[in-house]
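Chains, contacts and geometry: an overview
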Amino acid sequence: MQHFEASRGWDDEEIQILDQIRRVAAEVIAPRAAENDEAKSFPWASLRSLHELGLSGISIPEAYGGSPVSYRLFLEAVLIVSQACAATGIIFGTNSACVKPILQYGSEAQKRRFLPRMLEGGLAALAITEPHAGSDATQMRTSFRRDGDDVVVNGSKIFITTGDVADLVILFGKWSGIETPAKAVSALVVEKGTPGFEVLRLERKMGTHASSTAALGFSDCRVPLDNLLGAPGDGFKILLSTLNKSRPSVAAQALGIATAAFEDARAYACERHQGGRRVLDYQANQFLMADLATELLTTRMLLDHVGRLVDAGIEDIAVEASMVKVRASDLAMRMTVEAVQLHGGHGYCSDHRVERLMREAKITQIWEGTNQIQRQVIGRDLLLP
């Protein structure tokens, strides 16, 4: 693995940034992870530490006050933060995912209005999923109806990361009067405190307890027409473009979890003795760890590859984004299950981090498009004309 790190080609400034992120992850974020998870406490202190490093602006151009980094470095930052605390990594990655549609499709006035909030440490949420529309977003029922200089919103969303605390919500719904489902989807920025917008509940989840997941309701919610991203009907292309860039971020989150589980399993198997030998002295366990180490390295190389594609200006990365999301999330689930198994009964108890990591890994196979959907994307690309 040391040869991989040496070959990555970070420049001096990037190395300094990553060293600072690792320091904060080790000193501030990781020590709070278990307590925040147990108490279901939002990781405000961890997020403040990232903001103080200037990471609120790493996806925002200098013209708007940001300090942008390469997409590859952003992915590495998400991995490092997620290795320390998956919930914090999810929130950090989601914020960047919300910046991208504003940058790519927002007007100049919208960028000047919304981006400063993100630079100040504000939070944002993507609101896509509904009770009747998950993987097939064209079936969403949230409605947008123009009324003068406003858009009247009615509907509901579920499973919205940070939806209860977000300053901005990138909301997807259907524009009234456009009959074709995919062509009706539109995107709107809803600001916190807008009348008619409410948090209905917080979800009770298997893991990532420190990252809140909300159900949102919109009842005759009036949003200024100036908050519309693009034109009516542009929402579906905005949604797909946003997901193509956020799915590698999910892969980075999954790899952070997988890396933490691998390190814990290796340390425990080298320390724990059974039958007069260390657990890792048994060949079966050595072979298992060798396979997991190989998968971890190859998946990190794939994530680096996707990062380089984006940095090279390649727009169509849908297949590669799906591939790395599937590979990383499946590995995170396998890695955490095997880590718990290597810990034996201790792994089933919350005294060891692997118990939490196993609960956290599962969501990476589900959100941002289930792995079954990702395999459909990859499979369709393989069809001959």
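As a reminder, the structure under discussion sits directly above these lines.
Because the structure is predicted, anything quoted here is derived from the model rather than measured.

Description of the overall build of the protein chain
Across its full length, the protein chain holds 12 helices and 10 strands. A total of 385 residues make up the protein chain; the buried ones form 54% of that total. Accessible surface for the protein chain amounts to roughly 17,300 Å². Of this, 51% is attributable to carbon and sulfur atoms. Taken as two groups, the 41 positive and 47 negative side-chain charges of the protein chain have centres that lie 3 Å from each other.

Looking at the state of the cysteines
Within this structure, the stated rule accounts for zero disulfides. Left unpaired, Cys221 is separated from the closest cysteine sulfur, that of Cys98, by 17 Å. The exposure class of Cys221 is buried, given its relative accessible area of 0%.

Remarks on the pattern of salt bridges
When the charged atoms of two side chains lie near each other, side chains of opposite charge can form a pair. All told, the structure shown has 23 salt bridges when counted by the stated rule. Between Arg8 and Asp304 there is a salt bridge; the shortest N-O distance is 2.8 Å. Separated by 296 residues along the polypeptide, Arg8 in the loop between helix 1 (2-6) and helix 2 (12-39) and Asp304 in helix 9 (residues 283-311) bring together distant segments of the chain. In this structure, Arg8 and Asp304 share a single accessibility class: buried. With its nearest N and O atoms 2.9 Å apart, the salt bridge here joins Asp37 to Arg359. A residue pair is termed long-range when its members are at least 10 positions apart, and Asp37 in helix 2 and Arg359 in helix 11 (residues 353-361) qualify at 322 residues. Judged on exposure class, the residue Asp37 and its partner Arg359 are both buried. Overlapping salt bridges bring together Glu5, Arg8, Arg72, Glu76, Arg300 and Asp304 as one network.

Focus: the nonpolar core
Phe92, Leu303 and Met335 are the most contacted members of the largest nonpolar core, which has 60 residues in total. Put simply, the parts of the chain that give this core at least two residues each are helix 2, helix 4 (71-84), helix 5 (86-105), helix 8 (235-271), helix 9, helix 10 (318-343) and helix 11. Here this core gets 11 residues from one element, more than from any other, and that element is helix 8. Among residues more than four places away in sequence, those in contact with Phe92 are Leu50, Leu55, Ile58, Phe74, Ala77, Val78 and Val81. One finds Ala97, Tyr105, Met140 and Ile238 within the second-largest nonpolar core, a separate group that totals 26 residues.

Remarks on the packing of aromatic side chains
Aromatic ring pairs: the centre-centre distance and the angle between the two ring planes describe each pair. A complete count under the given rule lists four aromatic pairs for this structure. Ring centres of Phe42 and Trp44 lie 4.5 Å apart, and the angle between their planes is 50°; this geometry places the pair in the tilted category. Taking the centre distance of 5.0 Å and the plane angle of 5° together, the rings of Phe197 and Phe218 count as stacked. Residue Phe197 is found in strand 6 (residues 197-202), and its partner Phe218 is found in strand 7 (residues 213-224); the two are separated by 21 residues along the sequence. Members of the aromatic cluster, joined through ring pairs, are Tyr71, Phe74 and Phe92. Seen from the ring of Trp10, Arg72 lies directly overhead, with NZ or CZ sitting 3.9 Å from the centre. Lying over the aromatic face of Phe74, Lys100 brings its terminal NZ or CZ to 6.0 Å of the ring centre.

Here's the deal with unusual backbone geometry
For Phe159, which is not glycine, the phi dihedral falls at a positive 60°. With respect to the helices and strands, Phe159 occurs in strand 3 (residues 150-161). A residue is classified by how much of its surface remains accessible, and Phe159, at 52% relative accessible area, is exposed. Non-glycine residue Asp220 carries a positive phi angle of around 45°. Position of Asp220 among the secondary structure elements: in strand 7. With a relative accessible area of 52%, Asp220 lands in the exposed category.

Some thoughts on the environment of Glu338
The topology assignment puts Glu338 in helix 10. With 77 residues separating them in the primary sequence, Glu338 and Ala261 have C-alpha atoms 8.7 Å apart. Sequence-distant contacts of Glu338, that is, excluding residues within four places in its chain, are made with Leu288 and Leu292.

What to know about the packing of helix 3 (residues 44-52) against helix 5
With their axes 10 Å apart at the nearest point, helix 3 and helix 5 run at an angle of 50° to one another. Relative to helix 5, the element helix 3 is oriented oblique. Viewed along their axes, helix 3 and helix 5 form a crossing whose handedness is right-handed. Between helix 3 and helix 5, the contacting residues are Ser46, Leu47 and Leu50 on the first element and Thr88, Ile91 and Phe92 on the second. Partitioning the contact of helix 3 with helix 5 into residue classes produces four nonpolar, two polar and no charged.

Comments concerning the pairing of strand 1 (residues 124-127)
Side chains Ala124 and Leu126 project from strand 1 onto one buried face, and the interleaved Ala125 and Ala127 project onto a second face that is buried too. Relative to strand 4 (residues 168-175), strand 1 runs parallel, the two being bridged by four bridges. Residue pairing across strands places Ala125 opposite Val169, the latter belonging to strand 4.

Examining the environment of Ile102
For Ile102, the position within the fold is in helix 5. By relative accessible area, which is 2% here, Ile102 ends up buried. Sequence separation of Ile102 and Glu76 is 26 residues, and the distance between their C-alpha atoms is 23 Å. Apart from residues lying up to four places away in sequence, Ile102 is in contact with Lys111, Phe114, Leu115, Ile170 and Leu229.

What counts, and where the lines are drawn
- For every chain, the first residue of the written sequence is number 1, and numbering continues from 1 along that sequence.
- Where totals are concerned, whole chains, interfaces and linings use all residues; where local detail is concerned, this predicted model gives features only for residues with pLDDT of at least 70, and gives and counts side-chain atom pairs only at 80 or more.
- Note: side-chain values were computed over all heavy atoms of the structure, leaving out hydrogens and water.
- Put simply, DSSP H or I for four residues or longer makes a helix, DSSP E for two residues or longer makes a strand, and each gets a number counted from the N terminus.
- Only protein chains enter the accessibility calculation, which uses a 1.4 Å probe; a residue whose area is less than 20% of its type maximum is buried, one above 50% is exposed, and one in between is partly exposed.
- Shrake-Rupley sampling with a 1.4 Å probe provides the accessible areas, and residues are treated as covered by the protein chains on show and by no other component.
- Charge counting follows a simple rule: Lys and Arg are positive, Asp and Glu are negative, and His as well as the terminal groups are ignored.
- Lys charges are placed at NZ, Arg charges at CZ, Asp charges at CG and Glu charges at CD.
- Criterion for a disulfide: a pair of cysteine sulfur atoms at a distance within 2.5 Å.
- Put simply, a salt bridge is a Lys or Arg side-chain nitrogen that is within 4 Å of an Asp or Glu carboxyl oxygen.
- By convention a nonpolar core is built from buried Ala, Val, Leu, Ile, Met, Phe, Trp, Tyr and Cys residues, the set being connected through side-chain atoms within 4.5 Å.
- We call two residues in contact whenever any of their non-hydrogen atoms come within 4.5 Å of each other.
- Planes of paired rings set the category: under 30 degrees apart is stacked, over 60 is edge-to-face and the rest tilted, where pairs are Phe, Tyr or Trp rings (Trp by its six-membered ring) whose centres lie within 6.5 Å.
- Comment: the charge-over-ring label is applied if NZ (Lys) or CZ (Arg) is within 6 Å of the ring centre and within 35 degrees of the ring normal.
- Every axis in this analysis is a line fitted to C-alpha atoms, fitted for helices over the stretch in contact. Angles between the N-to-C directions lie between 0 and 180 degrees.
- An angle below 35 degrees is treated as roughly parallel, one above 145 as roughly antiparallel, one from 65 to 115 as roughly perpendicular, and anything else as oblique.
- Two helices crossing with the near one rotated counterclockwise from the far one by less than a right angle form a left-handed crossing, whereas a clockwise rotation gives a right-handed crossing.
- Three residue categories are used. Nonpolar comprises Ala, Val, Leu, Ile, Met, Phe, Trp, Tyr, Cys and Pro, charged comprises Asp, Glu, Lys and Arg, and polar comprises the others, including Gly.
- Whether two strands pair comes down to DSSP finding at least two bridges between them.

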